[in-house]
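Topology and contacts: notes
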Amino acid sequence: MEKGEGRRSQEERRAETRARLVDATIKLLNEKGAGQLTMEEVAREAGLTRGAIQYHFENPKALLVESIFEIAERLSHHLDAEALVRLPLEERIDRIVDNYWQGFGGTNYTAFIEIAMRGRQDAEFESAITSALAEVDKKRAIVWQAVFADSGRNREEIQSWRRMLMITLRGLALTKMISGDWEKVSLHIDQFKDMLKRYLTE
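Residues numbered from 1 in each chain as written. Predicted model: local features only at pLDDT ≥ 70, side-chain atom pairs only at ≥ 80, totals over all residues. Heavy atoms only, no water.

Overview of the environment of His188
Considering the arrangement of structural elements, one finds His188 in helix α10 (residues 182-201). Residue His188 is classed as partly exposed on the basis of its relative accessible area of 34%. Linking His188 and Thr168, residues 20 residues apart in sequence, is a C-alpha distance of 8.5 Å. (Helix = DSSP H or I, 4+ residues; strand = E, 2+ residues; numbered from the N terminus. Buried < 20%, exposed > 50% of the residue type's maximum accessible area, 1.4 Å probe, protein only.)

Now the structure itself:
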C-alpha cells in the first residue's frame, strides 16, 4: 500500500510539474507571442529550471504540442445543458454566446493562435491542432444541439448558427488581439445575439 501511495505521489508531482510548465507557456504566449518565447523564460515563469523542461518534454515542440491539448481542454469546458434548457430561450442565447466568447476572447485562445501561427507549416503542429479542435467542436456541438433542440428548428439549422457563431468569434478574437477595440467587439456580439434571437423566436 505504502509503495503504491509513493508511486501515485510521484505521478502527481510529475503531473503538477508538467502543468506548471504548460501554464507558464500559455501565459507567456499571451504576453509575448510565440516569436519571443524562450524555454528559459518558461522555466523561470514556472519557478523551475530549464532542466525540468528537458526532463518532462523531449524538446520545445513537445511542450507546445502539450499546450495545444491543454488549451483545447480548457476551451471545451461547456455549460450545463440541462440547466440552460430550463431558462427562457433568449436568456439561453445570451448565456451560451457569452460562454463561447469567454473562450475565444481570453488568453487561452490567444496562446492557441500564437502556436498555430508558429507551426502553420509544421505537420506535427498541424496534426495536433486539427485533432484538438475536432474534439472541442464535437463536445460543443452536442451541448449546442441540446440547448436549442426545442426551438422548432431542425438540426442542420441549429448547427448552422453555431458554425456562423464560431466564424464570427474567431474574427472578433483576431480584431481584439490586433486593435484591442472592445467596443466594436461587444457591438458585434450583441448584434449576433439579436439575429439569433429573432431567428429562433419568430
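Additional details are given in the paragraphs that follow.
Comments concerning the pattern of salt bridges
Side chains bearing opposite charge may pair, as long as their charged atoms lie close to each other. The final tally for this structure, using the stated rule, is 18 salt bridges. In this structure, Arg95 engages Glu91 in a salt bridge whose closest nitrogen and oxygen atoms are separated by 3.1 Å. Within this pair, Arg95 and its partner Glu91 are both found in helix α6 (residues 89-104), separated by 4 residues, close to a single helical turn. Arg95 sits in the partly exposed class, given a relative accessible area of 43%. For Arg162, the salt bridge goes to Asp137, with nearest N and O atoms at 2.6 Å. Here the residue Arg162 occupies a position in helix α9 (residues 155-179), and Asp137 occupies one in helix α8 (residues 123-148), the gap between them amounting to 25 residues. Residue classification places Asp137 among the partly exposed residues on the basis of a relative accessible area of 32%. Members of the salt-bridge network, linked through shared partners, are Asp94, Asp98, Lys193 and Lys197. (Salt bridge = Lys/Arg side-chain N within 4 Å of Asp/Glu carboxyl O.)

A closer look at the nonpolar core
Counting 56 residues, the largest nonpolar core has Val42, Trp144 and Phe148 as the members making the most contacts within it. In terms of residues, this core owes the most to one element, α8, which gives 9 residues. Apart from residues no more than four positions distant in its own chain, Trp144 is found in contact with Ile96, Tyr100, Ile158, Gln159, Trp161, Arg162, Leu165 and Leu196. (Core = buried A, V, L, I, M, F, W, Y, C linked by side-chain atoms within 4.5 Å. Contact = heavy atoms within 4.5 Å.)

What about a nonpolar patch on the surface?
A cluster of nonpolar residues, Leu174, Met177 and Ile178, forms a patch on the protein surface that exposes about 290 Å² of accessible area. Note on placement: Ile178 falls in helix α9. Residue classification places Ile178 among the exposed positions, given a relative accessible area of 74%. (Patch = residues over 30% accessible without salt bridge, like charges linked within 9 Å, V, L, I, M, F, W, Y side chains within 5 Å. Areas by Shrake-Rupley, 256 points an atom, 1.4 Å probe, with all protein chains shown as cover.)

With respect to the side chain of Arg162
With relative accessibility at 2%, the residue Arg162 sits in the buried group. Setting aside anything within four residues of it in sequence, one finds Arg162 in contact with Tyr100, Asp137, Arg140, Ala141 and Trp144.

Brief notes about the layout of surface pockets
If you add up the space inside the largest pocket, you get close to 160 Å³. Lining the largest pocket, in full, are Arg74, Leu75, His77, Asn99, Gln102, Gly103, Gly106, Thr107, Asn108 and Arg140. Breaking the lining of the largest pocket down by element, the ones donating at least two residues are α4 (60-75), α6 and α7 (107-118). In terms of residue count, the dominant contributor to the lining of the largest pocket is α6 (3 residues). (1 Å grid on protein atoms, 1.4 Å probe; cavity = no way out; pocket = protein on both sides within 12 Å on 5 of 7 lines; lining within 4 Å. Points joined across faces, edges and corners; volume = space filled by probe spheres on them.)

As for the packing of α4 against α8
Running from amino to carboxyl end, α4 crosses α8 at an angle of 10°, the nearest separation of the two axes being 9 Å. In terms of orientation, α4 lies roughly parallel with respect to α8. Between α4 and α8, the contacting residues are Lys61, Leu64, Val65, Ile68, Phe69, Ala72, Glu73 and Leu75 on the first element and Glu124, Phe125, Ala128, Ile129, Ser131, Ala132, Val136, Lys139 and Arg140 on the second. Partitioning the contact of α4 with α8 into residue classes produces 11 nonpolar, 1 polar and 5 charged. (Axes fitted to C-alpha atoms, helices over the stretch in contact; angles between N-to-C directions. Parallel < 35°, antiparallel > 145°, perpendicular 65-115°, else oblique. Nonpolar A, V, L, I, M, F, W, Y, C, P; charged D, E, K, R; others polar.)

Notes on the side chain of Ser151
Structurally, Ser151 is set in the loop between α8 and α9. Polar contacts involving the side chain of Ser151 include one to the main-chain amide nitrogen of Arg153, which spans 3.4 Å. Ignoring sequence-local partners within four residues, the contact set of Ser151 consists of Ile158 and Leu200. (Polar contact = N/O pair within 3.5 Å; in protein donor to acceptor, adjacent residues only side chain to side chain.)

Some words on the packing of aromatic side chains
For the structure on display, the rule yields 6 aromatic pairs. Seen from their ring centres, Tyr109 and Phe112 are 6.3 Å apart, and the 5° between their planes marks the pair as stacked. Of the two residues, Tyr109 and Phe112 are both situated in helix α7; the distance of 3 residues between them amounts to about one turn of the helix. Since its relative accessible area comes to 4%, Phe112 is described here as buried. Pairing Trp161 with Tyr199 gives two aromatic rings, centres 5.2 Å apart and planes at 40°, and the pair type is tilted. Taken as a pair, Trp161 in helix α9 and Tyr199 in helix α10 lie far apart in primary sequence, 38 residues in all. The exposure class assigned to Trp161 is buried, which follows from its relative accessible area of 11%. In this structure Tyr199 comes out as partly exposed when scored by relative accessible area, which is 25%. Each residue in the set Tyr100, Trp144 and Phe148 is aromatic and connected to the rest through ring pairs, giving one cluster. (Phe/Tyr/Trp six-rings, centres within 6.5 Å; stacked < 30°, edge-to-face > 60°.)

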